Amino acid sequence: IRDVAREELGANSPLKRCTFGSFRLDRYPDVVDDEVGVNQRAHMKDNFEYCKEYAENFTSDSRGIFMYGKTGLGKTHLSLAIANVLIDKGYDIYYGSIQSIMDKLEAEHFGRLPREDSIKEDILTCDLLIIDDLGTEFSTQYTNAELYNIINSRMLASLPTIISTNLDIDDIGERYSERIVSRIMGNSEAMYFCGKDIRQF
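Residues numbered from 1 in each chain as written. Predicted model: local features only at pLDDT ≥ 70, side-chain atom pairs only at ≥ 80, totals over all residues. Heavy atoms only, no water.

A. Inspection of a negative patch on the surface at higher detail. Taken together, the side chains of Asp 46, Glu 49, Glu 53 and Glu 56 make up a negatively charged region of the molecular surface. Along the chain, Glu 49 falls in helix 2 (residues 40-56). (Patch = residues over 30% accessible without salt bridge, like charges linked within 9 Å, V, L, I, M, F, W, Y side chains within 5 Å. Areas by Shrake-Rupley, 256 points an atom, 1.4 Å probe, with all protein chains shown as cover. Salt bridge = Lys/Arg side-chain N within 4 Å of Asp/Glu carboxyl O. Lys, Arg positive; Asp, Glu negative; His and termini not counted. Charge placed at Lys NZ, Arg CZ, Asp CG, Glu CD. Helix = DSSP H or I, 4+ residues; strand = E, 2+ residues; numbered from the N terminus.)

Below, the structure written as structure tokens:
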């Protein structure tokens, strides 16, 4: 079952490459980040340790995590590292980019997705939902309503969600309704990612 879960998740993500063991803290500059006044490497070490502890102590009613910062700073890597650990523990994980999730939900809503490929129930009931690249989706009334439904339904069920975005807090507030922002921030640990694009190494 674990192998099947890993294969399914890996089909939509770089799961195999994203482990805690392969996360390289030495790729983050040992200098102060001017935006928030913290040492980048030390700050990212704190993020790394939090995510590792989160995976080790996870329960289906854990708080979510809201990862934000510029592209290429390890948000996807650490969220999938958590997924790797939790799959081994037998938890049900669903991962997808926000655009992929919205495309599938829209196809399902309008009857263009085969019944066996239905994802809505999985998204709403899985032990951990990982939404990647929030803010890159094509924003419509439908997508905003679906995002609210996902966030609100999982909050009411006390199910955690990990969300990553390249937007900062102010951008999130401008792009989404107060109801969505309030539910995301009120039920998640906000985690700022800093440094230089590690994909360039």
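B. Region of interest: the nonpolar core. Counting 54 residues, the largest nonpolar core has Ile 82 and Leu 128 as its most contacted members. Looking at which element gives the most residues to this core, the answer is helix 3 (residues 75-88), with 7 residues. With sequence-adjacent residues up to four places away left out, Ile 82 is seen in contact with Phe 20, Cys 51, Tyr 54, Ala 55, Ile 65, Leu 128 and Ile 162. (Core = buried A, V, L, I, M, F, W, Y, C linked by side-chain atoms within 4.5 Å. Buried < 20%, exposed > 50% of the residue type's maximum accessible area, 1.4 Å probe, protein only. Contact = heavy atoms within 4.5 Å.)

C. Just the packing of helix 4 (residues 98-109) against helix 6 (residues 141-156), in detail. It is the contact of helix 4 with helix 6, at a shortest axis distance of 11 Å, that shows an interaxial angle of 100 degrees. Classified by the interaxial angle, the pair formed by helix 4 and helix 6 is roughly perpendicular. On helix 6, the residues that touch Ile 98, Ile 101, Met 102, Leu 105, Glu 106 and His 109 of helix 4 are Tyr 142, Thr 143, Glu 146, Leu 147 and Ile 150. Within the contact of helix 4 with helix 6, the residues separate by chemical class into 7 nonpolar, 2 polar and 2 charged. (Axes fitted to C-alpha atoms, helices over the stretch in contact; angles between N-to-C directions. Parallel < 35°, antiparallel > 145°, perpendicular 65-115°, else oblique. Nonpolar A, V, L, I, M, F, W, Y, C, P; charged D, E, K, R; others polar.)

D. The arrangement of the packing of aromatic side chains in detail. If you walk through the whole model with that rule in mind, you get 8 aromatic pairs. Note on Phe 66 and Tyr 68: the rings are 5.8 Å apart at their centroids and 25 degrees apart in plane angle, and the pair reads as stacked. Side by side, Phe 66 and Tyr 68 carry an identical accessibility label, which is buried. Counting every residue linked through ring pairs, the aromatic cluster contains Phe 20, Phe 23, Tyr 28 and Phe 48. Taking NZ or CZ as reference, Arg 179 lies 3.9 Å from the ring centre of Tyr 148, over its face. (Phe/Tyr/Trp six-rings, centres within 6.5 Å; stacked < 30°, edge-to-face > 60°. Lys NZ or Arg CZ within 6 Å of the ring centre and 35° of its normal.)

By themselves, these figures tell us nothing about what the structure is for.
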